[in-house]
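Tertiary structure, described
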Amino acid sequence: MPSIINTLTAAVAFVGVVGATPVEIPKPKHFTIKQVERSQFLRNGAQSKVKTFRKYGAKIPLSLLNAAYAGPNGSAPAVPGDAYDSLYLTPVTIANTTVQLDADTGSADLWVFSSLQASSQLTGHDYYKVDASKKVQGASWRITYGDGSGAAGTVYADKVVVGGVTATSQAVEAATSVSAQFQQDRDTDGLLGLAFSSINTVKPTPQKTFFDTVKASLPEPLFSVNLKYHAAGSYDFGFIDKAKYTGDITYVDVITKNGFWEFTVDGYAIGSGATTKSSIDAIADTGTTLAYLPSTLVSAYYKQVTGAKNSAQDGGYVFPCSTTPPDLSIVIGGVKQTIPGKHINYAPVTTGSTTCFGGVQDNTGIGFSILGDIFLKSKYVIHEAKDTPRIGFAQQ
Ligand SMILES: O=C(c1ccc(-c2ccco2)nc1O)N(Cc1ccccn1)C1CC1
């Protein structure tokens, strides 16, 4: 929206108040007021508030962060839920309530805390007040995630808006119960599934994801993911933002049979070392915090990390927090995509510990590799759902 420049010719007296004594400002004969686009002003206002909160160490309300990082139409913010980017939260308006959802390219259910739950489970949450007239009769859902967390409930068809993109009748999976992990996390009000609708868990009839509902109405049938290290990023629906990446986008075909954004990695390199050719089946998954890769790769990687060990007690590879591990590159479509070593120093194993948990872990027991946030937070990733779905990677 271009800013509107109004030229007002008026002779008006401005009476400014400085302290208690009114100060008369001389009457201007002609002046021009350059009107700043309202949203630009508001955004700067919200951003200056964020800076003040940060300066004094105050917890910043997500609603303020969302206002500060609101993007152009189609773009929704992805705000770290904590200091270690364990998850990212995106504001989603369902009916007339805005909730904070974890946008998850590894699952396909849009589910949300709701008025169907015991009120004790709703403390600290925004939640969907179900509208009985919008209930999808006979429909229910239940999902379990890889970390053992999960939720279940019933289904409503209601208006959902993400980044200014509206789905007028979207399947909204209202929770009747959620697992302990979700009850303990008071920042997350639910998930926004962005995997393929084929793995939606609603019975008897699987429902469409938000992206599938709006896809035909978007400028392009795609969404672009721009997660950041310890900073707010974005989900862009229907367009690719050239300002968010450098160099070229490398596309590879997606394997859709399991319902994930799944593809083949061709090899890897540790630090500045030689590339090892290796065909690795992987998925991109914004809903998974870390990166889970084959044990041969992970073992070779941590051999190059001073003080690293695979600790049963801590649940995976750990190393001294003072260590900056080497970069790790994976080859996709013939192009090396590098994870900065700094991003692989994930977090202390417990608050205050000097032992840190590795951002790269072994995929043993999962059945495939997962390129979660540790990988994604330095990339701009295009999820294109044309007849042959493709996934594209570029450097931020
Ligand atoms: O948490 C999930 C996950 C997501 C969706 C579903 C599902 C079941 C039915 C529909 O969707 N099931 C999962 O398990 N991970 C990440 C993961 C898996 C295993 C270990 C750690 N992390 C899926 C994306 C790979």
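In this text, all values refer to a predicted model and were calculated from it rather than measured experimentally. (Residues numbered from 1 in each chain as written. Predicted model: local features only at pLDDT ≥ 70, side-chain atom pairs only at ≥ 80, totals over all residues. Heavy atoms only, no water.)

Topic: the state of the cysteines
Should the sulfur atoms of two cysteines be covalently bonded, the bond is a disulfide. Per the stated rule, a full pass over the model turns up 1 disulfide. Disulfide pairing places Cys321 opposite Cys356 at an S-S distance of 2.1 Å. Sign of the S-S torsion, about 100° for the bond between Cys321 and Cys356, identifies this disulfide as right-handed. Separated by 35 residues along the polypeptide, Cys321 in the loop between strand E20 (316-320) and strand E21 (328-332) and Cys356 in strand E24 (residues 355-358) bring together distant segments of the chain. On the accessibility criterion, Cys356 (3% relative accessible area) is buried. (Disulfide = S-S within 2.5 Å. Helix = DSSP H or I, 4+ residues; strand = E, 2+ residues; numbered from the N terminus. Buried < 20%, exposed > 50% of the residue type's maximum accessible area, 1.4 Å probe, protein only.)

Focus: the confidence of the model for the protein
Mean pLDDT for the protein: 91, with 89% of residues reaching 70 or above. Between residues 1-25, whose pLDDT stays under 50, and residues either more than four places distant or in other chains, the model counts 38 contacts. Note that pLDDT drops below 50 for residues 36-42; the model gives that stretch 3 contacts with residues more than four away or on any other chain. Predicted as a complex, the structure gets a pTM of 0.87 and an ipTM equal to 0.91. (pLDDT = per-residue confidence, 0-100. Contact = heavy atoms within 4.5 Å.)

Details of the site of the ligand
Close to the ligand lie 15 residues, the nearest being Gly106, Gly146, Ile199, Ile283 and Thr288. Thr144 is positioned such that a nitrogen or oxygen atom in its backbone is 3.4 Å from a nitrogen atom of the ligand. Looking at the shell around the ligand residue by residue, the classes come out as 8 nonpolar, 6 polar and 1 charged. (Near = heavy atom within 4 Å. Polar contact = N/O pair within 3.5 Å; in protein donor to acceptor, adjacent residues only side chain to side chain. Nonpolar A, V, L, I, M, F, W, Y, C, P; charged D, E, K, R; others polar.)

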